[in-house]
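# Chain and residue survey
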Amino acid sequence: MKTIWRNTIIAWLTGLTASIIIGLIIGHLLGVLLLYVLGSLYWQLYQLYQFHDWLRHSGRAAPPEASGIWGEVFDAVYRLQKKQRKSKRRMRQALTRIESSTTALKEGVIMADNQGNLEWWNNSAAHFFGLQRPTDRGQAITNIVRNPDFFRYFSQKRFGEPLVIKSPAKEGMYLEIQTTLYDKNDHLIFVRDVTRLHLLEQMRKDFVANASHELKTPLTVIKGYLETLEMFKDSLPKSMQKGIVNMSEQSERMEQLIEDLLLLSRLESNDKREENQWHKVSDLVQAIQKTLTPILTDKHTVSLAIPEDARLYGSYKELYSAFSNLIVNAIKYSPDGGDIAIKWESSEFNGVFSVKDSGLGIEPRYIPRLTERFFRVDKGRGSKTGGTGLGLAIVKHVLLHHDAKLQIHSQPGFGSTFSCHFPANRTRNDTIPALPIPTDESTNTSNTLGIQE
């Protein structure tokens, strides 16, 4: 490159020197210099014209013939264009392969912009949602998938957990939707047919609900006879007295398990849900406190920090069940002398009900599984405390019904904190009188509490 520039400068200076000599000889130095400068300028403009004309025609033809620095410019641009065309060809081939592979996927793939407008989808997604090209391109996905659950999931960006909905295009098909944000909050949506898994899960739920319901009647009969035997146990041998006591305790535990299974089945199926209303959080907790006398001891310290004007919108029975499970768990698993703090905090963004205990704590690796049915960190603790292993599963489903989520912070040896985070539209602070607390038997802890680790 330096050689070309050096030769170009030498050639131009040589021409300039020759022009000066000729001008001096003929006696018109300025005229000859002006002609030389104008000729050089014309040559540069002509080369620039050729360069522009070549680029204007996409530069696909061979570059114009030129010498010197312009010849080098033409050759360099031509090499860059060839390299760019080769790179584009490779990219086009790669995109074609990617599009072909995604088209062959059984799972649906949808690309939408940051506003949720459809940009691209594969054939499986078109089959699941009934999408049509090019009619639906540019349409908002919430206009295509008209499902309230999907609208909340997408508009509120609840992409942490997959969503299962009915297919809007195929009768009897259930779809699992998983969304990922990328680039400038654009949406990459994966759709999977989970009809078989959904039917199996529904069969399991129906079996649990039916089995629990069928077991309830014979268990009631057994409990009735045991209560009768307890009335006359003093006249029985001591060995039989002990057996009757043990059978009574186990029958009560089994009855508790059946009640929790029935409650969990109702929560999962959304059957017989009461209407949501505004309730005072302090009234809820005070009602729970009254039922906890049998398990509270003087060695436990329970502190309340709940504002009188705190209100929560939801189902009284379900909220009662969730809060009571958390409080009972804290009492059950706190050692003698343990402190239990029940607190309500609110802001413009959310309301948080939390229960903090000073128990044994939970290792971080177990925390994600705590809301699973029957999961126990220590298999032996449930039998000692009389738990069913369903308490936190019930809490999880209640919070799902109230657009809330459960957060668990725990460290072995330092206790645990269970926090229920409710959205702002379900909380408020005011002095409006709360609705009367239901007094039916559904608020009894024997029907709602399930102790879980």
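Residues numbered from 1 in each chain as written. Predicted model: local features only at pLDDT ≥ 70, side-chain atom pairs only at ≥ 80, totals over all residues. Heavy atoms only, no water.

Moving on, we get to the sheet that holds strand β4 (residues 174–182). Spatially, β2-β1-β5-β4-β3 is the arrangement adopted by the five strands of the open sheet, whose pairing is antiparallel. Because the sheet does not close on itself, it has two edges, and the strands there are β2 (118–121) and β3 (163–166). Shown here is a sheet whose adjacent strand axes are inclined to one another by a mean of 30°, direction ignored. Note: β3 against β4, four bridges, orientation antiparallel. Following the sheet pairing, lysine 166 is matched in β4 by tyrosine 174. Packing of helix α6 (residues 148–155) onto the sheet brings it into contact with β3, β4 and β5 (186–193), and relative to β3 it is tilted by some 150°. (Pairing = 2+ DSSP bridges. Helix = DSSP H or I, 4+ residues; strand = E, 2+ residues; numbered from the N terminus. Axes fitted to C-alpha atoms, helices over the stretch in contact; angles between N-to-C directions. Contact = heavy atoms within 4.5 Å.)

Looking now at the sheet that holds strand β6 (residues 277–280). One key point about sheets: their strands pair by backbone hydrogen bonds, in either a parallel or an antiparallel sense. The three strands lie next to each other as β6-β8-β13, forming an open sheet whose pairing is antiparallel. Both edges of this open sheet fall to β6 and β13 (427–429), since each of them pairs with a single strand only. The average angle at which neighbouring strand axes cross in this sheet is 30°, direction not considered. Examined bridge by bridge, β6 and strand β8 (residues 310–314) share four bridges and lie antiparallel to one another. Across the sheet, residue lysine 280 finds its bridge partner in β8, namely arginine 311. Its contacts with the sheet place helix α9 (residues 281–291) against β6 and β8, and it is angled at close to 65° to β6.

Here the focus is the pairing of β2. Relative to β2, strand β1 (residues 108–112) is paired through three bridges, and the arrangement is antiparallel. When the bridges of β2 are listed, methionine 111 appears paired with tryptophan 120. Connecting the antiparallel pair β1 and β2 is a turn made up of five residues, with glycine 116 showing a positive phi of about 90°.

Time to look at the environment of alanine 209. Along the chain, the position of alanine 209 falls in helix α7 (residues 195–231). Distance in space between the C-alpha atoms of alanine 209 and leucine 264 is 8.7 Å, their sequence separation being 55 residues. Excluding residues within four positions of it along the chain, alanine 209 makes contact with Leu262 and Ser265.

Confidence in the prediction for the protein averages 81 pLDDT; 89% of positions are at 70 or higher. Per-residue pLDDT stays below 50 along residues 437–453; that stretch engages in 65 contacts with residues further than four places along the chain or on separate chains. (pLDDT = per-residue confidence, 0-100.)

Within the structure shown, the criterion is met by 13 aromatic pairs. On the numbers, 6.4 Å between centres and 20° between planes, the contact of tyrosine 42 with tyrosine 46 is stacked. Of this pair, tyrosine 42 and tyrosine 46 both sit in helix α2 (residues 29–56), four residues apart, which is roughly one turn of that helix. In this structure tyrosine 42 comes out as exposed when scored by relative accessible area, which is 56%. Arranged with centres 3.9 Å apart and planes meeting at 15°, the rings of phenylalanine 323 and phenylalanine 353 form a pair that is stacked. Taken together, the residues span a long stretch of sequence, with phenylalanine 323 in helix α10 (residues 316–332) and phenylalanine 353 in strand β10 (residues 350–356) at a distance of 30 residues. Following the ring pairs from residue to residue traces out a cluster consisting of Phe150, Tyr153, Phe154 and Phe159. Over the ring of tryptophan 121 we find arginine 137; its NZ or CZ atom is 5.6 Å from the centre of that ring. (Phe/Tyr/Trp six-rings, centres within 6.5 Å; stacked < 30°, edge-to-face > 60°. Buried < 20%, exposed > 50% of the residue type's maximum accessible area, 1.4 Å probe, protein only. Lys NZ or Arg CZ within 6 Å of the ring centre and 35° of its normal.)

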